[in-house]
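# Tertiary structure, described
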Amino acid sequence: MKEMTKKIMEFCDERGWTPYHNEKDLAISIALEANELLENFQWRSSEEAVASTSQNIKEEMADVLIYLLQLANKMNLDLEEEVYKKIEKNAVKYPVPQEV
């Protein structure tokens, strides 16, 4: 993920966008891109959406991740580490059911 984040930040820096990418606006952008992802599924079954808009779904997923990595970078977070911590927390909250 570090190499991907580096590539994203270089892309933004080369275009002079980085000064405009504050935490609030990056969070808003994540939500907006997630909604664009959802649009692919509106009024369709999952199967229909994937069959007819697969490329757009991939691109919107990438947009969400790009903004998420920018936000993590801006906040000096190791997002990979945070994901593992959250998985551990969820494992306690939602334990695997024991067989009877």
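Please refer to the structure placed before this passage.
Summary of the structure given here.

The rules behind these values
Residues numbered from 1 in each chain as written. Predicted model: local features only at pLDDT ≥ 70, side-chain atom pairs only at ≥ 80, totals over all residues. Heavy atoms only, no water. Salt bridge = Lys/Arg side-chain N within 4 Å of Asp/Glu carboxyl O. Helix = DSSP H or I, 4+ residues; strand = E, 2+ residues; numbered from the N terminus. Buried < 20%, exposed > 50% of the residue type's maximum accessible area, 1.4 Å probe, protein only. Phe/Tyr/Trp six-rings, centres within 6.5 Å; stacked < 30°, edge-to-face > 60°. Lys NZ or Arg CZ within 6 Å of the ring centre and 35° of its normal. Core = buried A, V, L, I, M, F, W, Y, C linked by side-chain atoms within 4.5 Å. Contact = heavy atoms within 4.5 Å. Patch = residues over 30% accessible without salt bridge, like charges linked within 9 Å, V, L, I, M, F, W, Y side chains within 5 Å. Areas by Shrake-Rupley, 256 points an atom, 1.4 Å probe, with all protein chains shown as cover. 1 Å grid on protein atoms, 1.4 Å probe; cavity = no way out; pocket = protein on both sides within 12 Å on 5 of 7 lines; lining within 4 Å. Points joined across faces, edges and corners; volume = space filled by probe spheres on them. Axes fitted to C-alpha atoms, helices over the stretch in contact; angles between N-to-C directions. Parallel < 35°, antiparallel > 145°, perpendicular 65-115°, else oblique. Left-handed = near helix turned anticlockwise from the far one by under 90°. Nonpolar A, V, L, I, M, F, W, Y, C, P; charged D, E, K, R; others polar.

Time to look at the pattern of salt bridges. Opposite charge on two side chains allows them to pair when their charged atoms are near. Overall, the coordinates contain five salt bridges when judged by the stated rule. Measuring nitrogen to oxygen at the nearest pair gives 3.9 Å for the salt bridge that ties Lys6 to Glu10. One end of the pair is Lys6 and the other is Glu10, both in helix 1 (residues 2-15) and four residues apart, which spans about a single turn. Residue Lys6 is classed as partly exposed on the basis of its relative accessible area, which comes to 47%. As a salt-bridge pair, Lys24 and Asp25 come within 2.7 Å of each other at their nearest N and O atoms.

A full pass over the atoms with the stated rule returns one aromatic pair. On the numbers, 5.6 Å between centres and 70 degrees between planes, the contact of Phe11 with Trp17 is edge-to-face. Assessed through its relative accessible area of 39%, Phe11 is described here as partly exposed. Directly above the aromatic system of Phe11 lies the positively charged group of Arg15, at a separation of 3.5 Å from the ring centroid.

Time to look at the nonpolar core. Ile8, Met9, Cys12, Leu69, Ala72 and Leu79 together form the largest nonpolar core, which totals six residues. Those elements giving two or more residues to this core turn out to be helix 1 and helix 3 (46-74). Every residue in contact with Ala72, bar those within four places of it in the chain, is listed here: Leu77 and Leu79.

A few words now on a nonpolar patch on the surface. On the surface, Met1, Met4, Leu65 and Leu68 cluster together to form a nonpolar patch covering roughly 310 Å² of accessible area. Within the element layout of this structure, Met1 appears in the segment before helix 1.

Approximately 200 Å³ is the volume found for the largest pocket. Surrounding the largest pocket, Met1, Lys2, Thr5, Leu69, Ala72, Asn73, Asn76, Leu77, Asp78, Leu79 and Glu80 form its lining. Secondary structure elements with two or more residues in the lining of the largest pocket: helix 1, helix 3 and helix 4 (79-93). Take the lining of the largest pocket: its biggest share by element is three residues, from helix 3.

It is worth spelling out the packing of helix 2 (residues 23-39) against helix 3 at this point. At a minimum axis separation of 9 Å, helix 2 and helix 3 run at an interaxial angle of 165 degrees. Considering the angle they form, helix 2 stands roughly antiparallel to helix 3. For the pair helix 2 and helix 3, the crossing hand works out as left-handed. On the side of helix 2, the interface is formed by Glu23, Leu26, Ala27, Ser29, Ile30, Glu33, Ala34, Glu36 and Leu37, while helix 3 contributes Ile57, Glu60, Met61, Asp63, Val64, Tyr67, Leu68, Gln70, Leu71 and Lys74. Partitioned by chemical class, the residues of the contact of helix 2 with helix 3 number eleven nonpolar, two polar and six charged.

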